[in-house]
Amino acid sequence: MIGRMATGEPRPVGATYRLQLGPSFTFDDAARRVPYLADLGVTHLYLSPVLEAVHGSTHGYDVTDPTTVRAELGGRKGLERLADAAHVDGLGLVIDIVPNHLGVGRAEQNPWWWDVLRSGRESAFAHYFDIEWDPRNGAGGKLALPVLASEEDAAAITVDRSGPEPVLRYHDRTFPLGRDVGGLDVERLHYAQPYRLVPWTSPVRSYRRFFTVDDLAAVRVEDPEVFTATHAEVGSWFADGIADGLRVDHPDGLADPVGYLRMLRELTGPSAWIVIEKILEADEPVEPELPVDGTTGYDALREIGHALLDPAGETGLSALHERWTGDDGAVRWNSGATLRLRGELAAADLRPEFLRLARAIHREIATAVPLDDLADAALFWMNEIPYYRDDYPVLAARSAAARRRALDAAGSAGAEPGLRPALEAVAAARDRGGESARRFAQLTGALSAKALEDTAFYRSARLVSLQEVGGAPSDFGPSDPHPALARRATDRPAAMTALTTHDTKRGEDVRARIGVLSQCPWDWAVTVDRCLSLLPPPPDPMTGLFLLQNAFGVWPEDGVASDALRARLHAYAEKAMREGRIGTSWRSPDDAFEAAGHAFLDSLFDGPAGAAMTELVGELARHGRSDALAQKLLQLAGPGVPDVYQGTERWEDSLVDPDNRRPVDWSGADEAHPKQHLVRTALRLRRERPDSFVGGSYRPLLAEGPAADHLLAFHRGPDAGAPDVAVLATRHSLRLERAGGWRDTRLELGDGAWTDRLTGHVATGRTALQELFLEHPVALLVRE
């Protein structure tokens, strides 16, 4: 196969295109798209996980065998064919890897897990997984598998001796018989195994999971032996010249992220491009000790989104939310509502993890504090931590401050009796740096993600475009976005930037349209009031507001909702209602609550309320497209390495997964499409002048005149040279239009003649913005 560049080094990553692989889009399908993607201007294909996964998986994050490339995608040979096809057209590969967990929902498909179920602690793979074999684990020291519908449903377990080895079956699930003491009844056979099937509602879990997903079991990649076994195939991609970089899924879930990433860097070599799925708070830096190029871009998504919002809209949107729901809708990590959610999660969904942490503390310091008190004290401390984990060295001072706040609050007059000694026990155990310290850090992120992104973000409808992975919904952004963009250019110039991913709650163009509401909160309030007066009562007021705003984001301009769109919105509504857990949930679906939500949507589609929605969409859709083009240009020409999620080079209306994994209509490619024209032009310019982008300079450009605040612009250029690219984007286009347009607003471009690569227009010196934005709300100027 064709290997690395002639220098033997990986190809420099300048821009990526994310492809979601699966049985319906294989390596060979991807290879057929290489000429189109090379013409588009990217430097690398960015592949979703390619290792063996649960059969039929549409995402690949449920890896079952990390030693093998997935057969459904074409296997190792198919990956090599794709790499060869990419290399012929000058492209490289970046591949997504999943070090934190393996898929165990189908035990027979995971050979390591199957062996652990068969042999228990004696399995050669028992130490590969993060399993608690302690007799006090709630399952008598066995591996608890939460699969039963109820205790009584254990009667549905049967023995099947028809295959090459006898197995236990529970409906469509299969488990090995490690101890086949023939002749015993099924109940005694089940009891004799190293594992125990328990109800999925049980609080017992004896293995660490990915968040609360029972079918994903954590792996101990901090163990060098386990790292070697799970990364041998990954290492071969670099040794054989197949891959140039990696995207690392959820490193915060690992016992030792810094140590793991150092091992990974040694495996891949110093020049491989490595980015990590790290969710950062707005004030959180990336740990300098991490040997990576940066994050996968949720922080950039937040910064670019904030750059285009109108902060003045916060008051009106908050007032509308409060009038209908009783609160202002500002989702904060430490609000009373979020803290209550965290308490509910710690008491139920995450209780197994909290109790396992408490047992580790007991072992390490031999405290007499009860387990439940230790678990509650750990939660109390975590509630002072705004980050996914606070044990990175760069956060040492902030971590110490959170600890002091927790201890001070635990010692106050109104604190629960016994909280202070329990918290001191947790602190003493963390200070030892052993198992409990690692588990505390791992659990902090799971608690934060489940409380905020997976629940609270579905319980507010002030401005849902802010309720995104890594988002800051309580913050409408700074009036001056340049400092954040300039920091990115300086601190992490090769970090990935993203606008849409497989995990975003809404696609980039949906968020862009919804973001326009920040410019006209009163118009939105009038539409909401009209709609709610015409529609049947929603299941609750917040759900009604939430469904209306998301419907606005994807509503067709002609008001005619296709059957496909209706089905997609109903599927989205079901997921949103269950994630929000206001009146229904995944664990306890409430048919009446959900039926009211679906009836609410149907009436919106078919009744007079839909006309009100269509009227507002007709007024605002073009401003949504203006923001969509603006944010795309800011990403493509701004600091960092931009990723184009599949299909987003054209208008897209995706919602949360699995909606955002729908097949791409490759036949829709159209160079005249305004967004595709922008993407192709910007990516080709990046490829033409790489030194002006990754590692290049960033200098704000400020306009003069009555509409100066409506321009967001900057120069790019080689780090040691003069700027040779000017990036111009329109902000707050609705308010701009209502105020009379650009009028006599001008921009000093600098010396020389500047050509807009989008239109061919040539400008010099102090130029009127009215002339630059005649055709598009954005401009990409180059000094030739």
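Under an unreviewed UniProt entry, the name given to the protein is Maltooligosyl trehalose synthase, and the organism recorded is Tsukamurella pulmonis.

Engineer: It is not clear to me how the overall build of the protein should be interpreted in this structure. Could you clarify?
Structural biologist: Counting its regular elements, the protein contains 25 helices and 24 strands. Computed over its C-alpha atoms, the radius of gyration of the protein comes to 27 Å, within 12% of the 28 Å expected for a compact globule of 784 residues. With the principal axes as the frame, the protein shows a C-alpha extent of 90 × 65 × 55 Å. Counting only residues that meet the buried cut, the protein has 62% of its 784 residues in that class. Within the protein, contacts between residues separated by at least 24 positions form 72% of all contacts whose residues are at least 6 apart in sequence. Of the roughly 28,000 Å² of accessible surface on the protein, a fraction of 52% belongs to carbon and sulfur atoms. Measuring between centres, the 86 positive side-chain charges of the protein sit 2 Å from its 116 negative side-chain charges.

Engineer: What should I look at first to understand the pattern of salt bridges in this one?
Structural biologist: Note on pairing: side chains with opposite charge can pair once their charged atoms come close. Summed over the entire model, instances satisfying the criterion amount to 78 salt bridges. Notably, a salt bridge pairs arginine 247 with aspartate 249, separated by 2.8 Å at the nearest N-O pair. With respect to burial, arginine 247 and aspartate 249 carry one shared label: buried. For arginine 439, the salt bridge identified is with glutamate 435, shortest N-O distance 2.7 Å. Separated by 4 residues within a single helix, arginine 439 and glutamate 435 lie in helix H15 (residues 435–451), roughly one turn from each other. For arginine 439, a relative accessible area of 9% puts it in the buried group. Counted as one network, the salt bridges with shared partners bring together Asp130, Glu132, Asp134, Arg136, Arg208, Arg220, Arg356, Arg359, Arg363, Glu435 and Arg439.

Engineer: What is the right way to read the domain arrangement of the protein from this model?
Structural biologist: Accessible area lost upon the coming together of the parts is a frequently used measure of interface size. Assigned domains within the protein: domain 1 (16–100 + 222–294), domain 2 (107–218), domain 3 (336–456), domain 4 (531–619) and domain 5 (694–783). Distance between the C-alpha centres of domain 2 and domain 5: 63 Å.

Engineer: Would you take a moment to explain unusual backbone geometry for this structure?
Structural biologist: As a rule of thumb, non-glycine residues mostly have phi less than zero, and peptide bonds are mostly trans rather than cis. A cis geometry characterises the amide bond from aspartate 657 onward to proline 658, with omega recorded as 5 degrees. Tracing the backbone shows proline 658 in the loop between strand S18 (641–645) and helix H23 (674–688). The phi angle at histidine 171 is positive, at roughly 55 degrees, despite the residue not being glycine. Accessibility expressed as a relative area gives 57% for histidine 171, which makes it exposed. In the Ramachandran plot, phenylalanine 211 falls in the positive-phi region, its phi being about 55 degrees despite a non-glycine side chain. As for its placement among the helices and strands, phenylalanine 211 is situated in the loop between strand S12 (209–210) and strand S13 (213–218). For phenylalanine 211, a relative accessible area of 15% translates into the label buried.

Criteria and thresholds
Residues numbered from 1 in each chain as written. Predicted model: local features only at pLDDT ≥ 70, side-chain atom pairs only at ≥ 80, totals over all residues. Heavy atoms only, no water. Helix = DSSP H or I, 4+ residues; strand = E, 2+ residues; numbered from the N terminus. Rg over C-alpha atoms; globule rule 2.2 N^0.38 Å. Buried < 20%, exposed > 50% of the residue type's maximum accessible area, 1.4 Å probe, protein only. Contact = heavy atoms within 4.5 Å. Areas by Shrake-Rupley, 256 points an atom, 1.4 Å probe, with all protein chains shown as cover. Lys, Arg positive; Asp, Glu negative; His and termini not counted. Charge placed at Lys NZ, Arg CZ, Asp CG, Glu CD. Salt bridge = Lys/Arg side-chain N within 4 Å of Asp/Glu carboxyl O. Domains from an automatic or database assignment.

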